[in-house]
Number of protein chains: 2
Amino acid sequence: MPKRKSKTEAEATSPSKKQKTEADATSPSKKQKTDADAKPPISLEEMDFSSSASTKTGNAWNKKFISMNVNGFRAFLNKGGLDYIKKESADVFCIQETKCSDKDIPVDDFKKAGFSTHFLAGDKAGYSGVGIIYKDPPMSIKDGIDVEKHDDEGRVITAEYEDYYLVTVYVPNSGRGLKRLEYRTKEWDVDFRKYLKELDNKKPVILCGDLNVAHNEIDLKNPKSNKNKTPGFCDAEREGLTELLQEGFIDTYRHIYPNKEQAYSFWTYMGNARAKNVGWRLDYFLVSKRLEDKMCDSLMRSQVMGSDHCPIALLMAF
Amino acid sequence: MPKRKSKTEAEATSPSKKQKTEADATSPSKKQKTDADAKPPISLEEMDFSSSASTKTGNAWNKKFISMNVNGFRAFLNKGGLDYIKKESADVFCIQETKCSDKDIPVDDFKKAGFSTHFLAGDKAGYSGVGIIYKDPPMSIKDGIDVEKHDDEGRVITAEYEDYYLVTVYVPNSGRGLKRLEYRTKEWDVDFRKYLKELDNKKPVILCGDLNVAHNEIDLKNPKSNKNKTPGFCDAEREGLTELLQEGFIDTYRHIYPNKEQAYSFWTYMGNARAKNVGWRLDYFLVSKRLEDKMCDSLMRSQVMGSDHCPIALLMAF
DNA sequence: CGTGCGAAG
DNA sequence: CTTCACACG
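- Chain A appears in an unreviewed UniProt entry as DNA repair nuclease/redox regulator APEX1 from Bugula neritina.

Okay, here's the thing in structure tokens:
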């Protein structure tokens, strides 16, 4: 873990007081960055993705995972997404809301950059869809969760590696007027939890993606006005995540930064929300509890543009 | 008419030879312009819309009409369309394919510029629609042609002035696969012709708009490959215009420039057609024969951008 | 190729 | 506010 000298207190500062970012806490670089709620847009070149994070016992990280809801992979690439991917140079990128089919993936560009790809589109064109972009091939890749009623929307990919399953998910949004809240919480959440539990019985799981829920009040700017009104902060959705964690998973970001405020991974495009940091933490890396001592850091790449979500990163020492 | 010293020969030059534009023939300005098929895009400020055209008997023009298919009025305005309208300063602008409803018209901006507006939208949102923008109010304005089956698409406005009816039309496109060719030629053309004939019985008519047909081979770049294949150059469509002219109307542009080649008012956005001047003359000013001696000039504003059609102009001496 | 729609987020 | 699909041209 990155010099986590009582991070609990260190992060328990007021949101108005300038806090150090995780990057500051982990990077030896002299480049100081301002807080997540006051970052001016900077260029990719200026960003520093380096990290010297290690486990509690001092093992340096050796695997980097990125998860990002790209809100349309083609649009993301048009905005320079490939440059970000190259610079970040993660072992695996897990992306959600690809909104495209296989033919739209510039496979050769990825090959040239040293990556292979596996994408899963939903039946409805331009809707949902997930993908993984990886350096080292998994032992196996599986699409969906073997429940027919859920598997036509292209929401889950499971990549099996030696030491863990890497699962990426784009959880169904509860929709305008919460018209899909029941489906989401009573059907999807239940079956997906079951799927993860079964996986976890075989091998530790790293789950990442857009869980489409802000777990607690700290995880969004305006908990009061959104509670049980806006998809993503309804009790049933939040309880769904609570239950998943109770099955034996760790919310890596909140585990490492338990009191960190103003740390979001999503900002609606409306009303200039991102500039004002009126955001939500909807994107997560969860890991099986028995991976706890392999965790090095969990990060929000809040400066990376190109979507209404930012990438999130997990550093592990295997 | 602009010093039409045997225009017939003057224009009968090869397309590769640089020809003078109508503007050159009519404007005393020293600004020389290159041919329609080799015009580099120039700024609105650089364009010269002045003209000293007059009738055969030497009466200087005193009314300017503009017709333009704007391909979405909102998009056109976003691309600086209002600046063009101000600079052109026509007595009446007739526009087609507005693709918007009344609420989208910046009425106050037009008021400030000295114009009133009347727009007619079709029932289907974002489809078709025509409008007029005028300095002096007509005696009356009428929407449609009193034939119910045609009048739900917002295609015709008739403005009655003292000396003439001004009619603007957006003729139905025959559609991909010519699936609407029958409707267009056997129903619309027939009824619209009847409407115009009846108007013409009362008062001379100035008809302008997107007639969605290139009348003769000279009126499009590639007559061979488009003949009876592409909407706009099918025999039935061309005959429809021939019949209309036979009812007693003049194609003002072709009347004044009978042999002028490469003079188009539409270029598909595909394949860089406009830069290569691979175009069609689909937009017309027709006038009742008895207005012939009031005609001063008929012009293509081929440098004006903002749509896949350019504006066309008619100068009259009333 | 580009406009505007409508669904979706 | 932005993505995409689709219709239409």
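Still more to cover.
## Brief notes about a negative patch on the surface
Stage number 1. On the surface, a cluster of negative charge is contributed by D123(A), D143(A), E148(A), D151(A) and D152(A).
Stage number 2. Tracing the sequence through the fold places E148(A) in the loop between β5 (140–143) and β6 (156–160).

## Quick look at the UniProt feature "site: Important for catalytic activity" (unreviewed entry) in chain A
Residues and elements named next belong to chain A.
Stage number 1. Here the UniProt-annotated "site: Important for catalytic activity" (unreviewed entry) positions come out as D283.
Stage number 2. With respect to the secondary-structure elements, D283 resides in strand β10 (residues 283–288).
Stage number 3. Accessibility expressed as a relative area gives 1% for D283, which makes it buried.
Stage number 4. When neighbours within four sequence positions are excluded, D283 is seen to be in contact with N69, Q96, G209, D210, S265, H309 and I312.
Stage number 5. Of the polar contacts made by the side chain of D283, one reaches the side chain of S265; its length is 2.6 Å.

## A short note on the pairing of strand β7 (residues 165–170) of chain A
Residue and element names in this part refer to chain A.
Stage number 1. For β7, the buried fraction is high: six of the six residues fall into the buried class.
Stage number 2. Here β7 shows two buried faces, one formed by Y165, V167 and V169 and the other by L166, T168 and Y170.
Stage number 3. The pairing of β6 with β7 spans five bridges and is antiparallel. When the sheet's bridge partners are listed, V156 is paired in β7 with V169.
Stage number 4. Taken together, the six bridges between β7 and strand β8 (residues 205–210) define a ladder with parallel strand orientation. Counted as the bridge partner of V167 is L207 from β8.
Stage number 5. After leaving β7, the chain enters helix α6 (residues 181–202) and then returns to the sheet as β8, a path that is right-handed.

## Details of the protein's contact with DNA strand C
Stage number 1. Not every one of the 17 residues close to DNA strand C is listed here, only the nearest: Y127(A), R176(A), A75(B), K79(B) and Y269(B).
Stage number 2. Within 4 Å of the protein, the contacting atoms of DNA strand C are drawn from sugar and phosphate to the extent of 70%.
Stage number 3. Within the side chain of K79(B), a nitrogen or oxygen atom sits 3.0 Å from a phosphate oxygen of DNA strand C.
Stage number 4. Split into classes, the residues belonging to the surface near DNA strand C amount to seven nonpolar, four polar and six charged.

## What about the protein's contact with DNA strand D?
Stage number 1. Around DNA strand D there are 16 residues in total, and R74(A), K79(A), Y269(A), Y127(B) and R176(B) lie nearest to it.
Stage number 2. For DNA strand D, the backbone makes up 69% of the atoms found within 4 Å of the protein, where backbone means sugar plus phosphate.
Stage number 3. Between a phosphate oxygen of DNA strand D and a side-chain N or O atom of Y127(B), the distance comes to 2.9 Å.
Stage number 4. Taken together, the residues that form the surface near DNA strand D break down as seven nonpolar, four polar and five charged.

Quick notes on the rules
- Residues numbered from 1 in each chain as written.
- Chains lettered and ligands numbered in written order.
- Predicted model: local features only at pLDDT ≥ 70, side-chain atom pairs only at ≥ 80, totals over all residues.
- Heavy atoms only, no water.
- Patch = residues over 30% accessible without salt bridge, like charges linked within 9 Å, V, L, I, M, F, W, Y side chains within 5 Å.
- Areas by Shrake-Rupley, 256 points an atom, 1.4 Å probe, with all protein chains shown as cover.
- Salt bridge = Lys/Arg side-chain N within 4 Å of Asp/Glu carboxyl O.
- Lys, Arg positive; Asp, Glu negative; His and termini not counted.
- Charge placed at Lys NZ, Arg CZ, Asp CG, Glu CD.
- Helix = DSSP H or I, 4+ residues; strand = E, 2+ residues; numbered from the N terminus.
- UniProt positions renumbered as here; feature names shortened; annotations may be inferred.
- Buried < 20%, exposed > 50% of the residue type's maximum accessible area, 1.4 Å probe, protein only.
- Contact = heavy atoms within 4.5 Å.
- Polar contact = N/O pair within 3.5 Å; in protein donor to acceptor, adjacent residues only side chain to side chain.
- Pairing = 2+ DSSP bridges.
- Right-handed = clockwise from strand over helix to strand, strands pointing away.
- Near = heavy atom within 4 Å.
- Nonpolar A, V, L, I, M, F, W, Y, C, P; charged D, E, K, R; others polar.

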